[in-house]
Amino acid sequence: MRRPSPPLSIRTARLRLVAGNEALSLAELEDRSRLAAFLEAEVPPEWPPPLNDEASIRFSLEMHRTHPDTGGWANWYFLLESAEGDRVAVGNGGFRGEPTSTGRVEIGYSILESHQRQGIAKEAVDALVAWAFADGRVRVVQAQTLPELRPSIRVLEKCGFHFVGPGSDEGAILYEHPRPRIDRRP
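Since the model is a prediction, treat every value here as computed from it, not as a measurement.

Reading the values: the criteria
- Residues numbered from 1 in each chain as written.
- Predicted model: local features only at pLDDT ≥ 70, side-chain atom pairs only at ≥ 80, totals over all residues.
- Heavy atoms only, no water.
- Helix = DSSP H or I, 4+ residues; strand = E, 2+ residues; numbered from the N terminus.
- Rg over C-alpha atoms; globule rule 2.2 N^0.38 Å.
- Buried < 20%, exposed > 50% of the residue type's maximum accessible area, 1.4 Å probe, protein only.
- Contact = heavy atoms within 4.5 Å.
- Lys, Arg positive; Asp, Glu negative; His and termini not counted.
- Charge placed at Lys NZ, Arg CZ, Asp CG, Glu CD.
- Expected span 1.5 Å × (residues − 1).
- Polar contact = N/O pair within 3.5 Å; in protein donor to acceptor, adjacent residues only side chain to side chain.
- Salt bridge = Lys/Arg side-chain N within 4 Å of Asp/Glu carboxyl O.
- Phe/Tyr/Trp six-rings, centres within 6.5 Å; stacked < 30°, edge-to-face > 60°.

On to the overall build of the protein, then. A count of helical and extended segments in the protein gives five helices and eight strands. Listed N to C, the secondary structure of the protein is β-β-α-α-α-β-β-β-α-β-α-β-β in terms of helices and strands. The C-alpha radius of gyration computed for the protein amounts to 16 Å, which stays within 12% of the reference 16 Å derived for 186 residues, consistent with globular compactness. Taken over the C-alpha atoms alone, the protein extends approximately 55 × 40 × 35 Å along its principal axes. Buried positions account for 48% of the 186 residues belonging to the protein. Residue pairs in contact within the protein that sit at least 24 positions apart in sequence constitute 61% of those at least 6 positions apart. Across the protein, the 23 positively charged side chains and the 26 negatively charged ones have centroids separated by 7 Å.

Given a rise of 1.5 Å per residue, 14 residues ought to cover 20 Å, and the 20 Å separating the end C-alpha atoms of helix α4 (residues 120–133) matches this to within 8%. Counted residue by residue, α4 has eleven buried out of 14 residues, so it is predominantly covered. Among the residues of α4, those classed as buried are I120, A121, E123, A124, V125, A127, L128, V129, W131, A132 and F133.

Leaving glycine aside, a negative phi is the common case for residues, and trans is the common case for peptide bonds. In this model, W47 is joined to P48 through a cis peptide bond whose omega is 10°. Summarising the element assignment, P48 is placed in the loop between α2 (32–39) and α3 (54–66). Although it is not a glycine, R117 sits at a positive phi angle of roughly 65°. Following the sequence through the fold, R117 ends up in the loop between β5 (104–111) and α4.

Tracing the backbone through its elements, the reader meets S110 in strand β5. At 2.6 Å, the side chain of S110 and the backbone oxygen of P50 are in polar contact. A polar contact is formed between the side chain of S110 and the side chain of N52, at a distance of 3.5 Å. Sequence-distant contacts of S110, that is, excluding residues within four places in its chain, are made with P49, P50, N52, F78, V90, G91 and N92.

With that settled, consider the environment of Y109. Examined against the element boundaries, Y109 turns out to sit in strand β5. Sequence spacing of Y109 and E28 is 81 residues, and the spatial spacing of their C-alpha atoms is 16 Å. If we skip the residues at most four places from it in the chain, Y109 touches F78, N92, G93, A121, V125, S152, V155 and L156.

Time to look at the pattern of salt bridges. Side-chain pairs of opposite charge can arise where the charged atoms are in close proximity. Enumeration over the complete set of coordinates arrives at 15 salt bridges. Between E123 and R14 there is a salt bridge, with the nearest N and O atoms lying 2.8 Å from each other. Taken together, the residues E123 in helix α4 and R14 in the loop between β1 (9–11) and β2 (15–19) connect sequence positions 109 residues apart. Judged by relative accessible area, E123 falls into the buried class, the value being 15%. Residue R14 is classed as partly exposed on the basis of its relative accessible area of 29%. Across the pair E157 and R154 runs a salt bridge whose closest N-O atoms are separated by 2.9 Å. Here R154 and E157 lie together in helix α5 (residues 150–158), a separation of three residues that amounts to about one turn. Bridged by salt links that share partners, the residues R11, R16, E40, E81 and R87 form one connected network.

We now examine the packing of aromatic side chains. Under the counting rule described, the total for this entry stands at six aromatic pairs. Taken together, the ring pairs connect W73, W76, F95 and W131 into an aromatic cluster.

Here it is, written out as structure tokens:
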């Protein structure tokens, strides 16, 4: 088994977020044990997280194939790390591509049901938003969710997103997080 080159990663207090690539997306589709080996993490039997079906995995795979150097502007895997260094895949998320010409990116995320309500989504979203804002092109991070997904809405609100209206996906609502202003007064 040829291991893919080390992917980009972000470290938080409890998580390691690993940027996806073609090899990881292909392994996710074809062989969970290979995905686990590539991530150096346990991938639970209930993988993938809610609302992440074969079509969403294929979307990521196609993005990596058509844009091999996505530089993190695609899917990410959320790995919960224990104090002993063990890792378990608990969710995923990422972006729908690079920033637009107006500086907008769209983020999405999902956590396995067995790991929900533990602050993992907020921790991961905060990390991805900070990562996005480190790129000077990004002016606004957007997120779409469904109005009945109250826990998802709460995560967005806790992460600094504000409701702006209907989303572009059918039945979705749109939230935005503008780039924070830095007060430069003496």
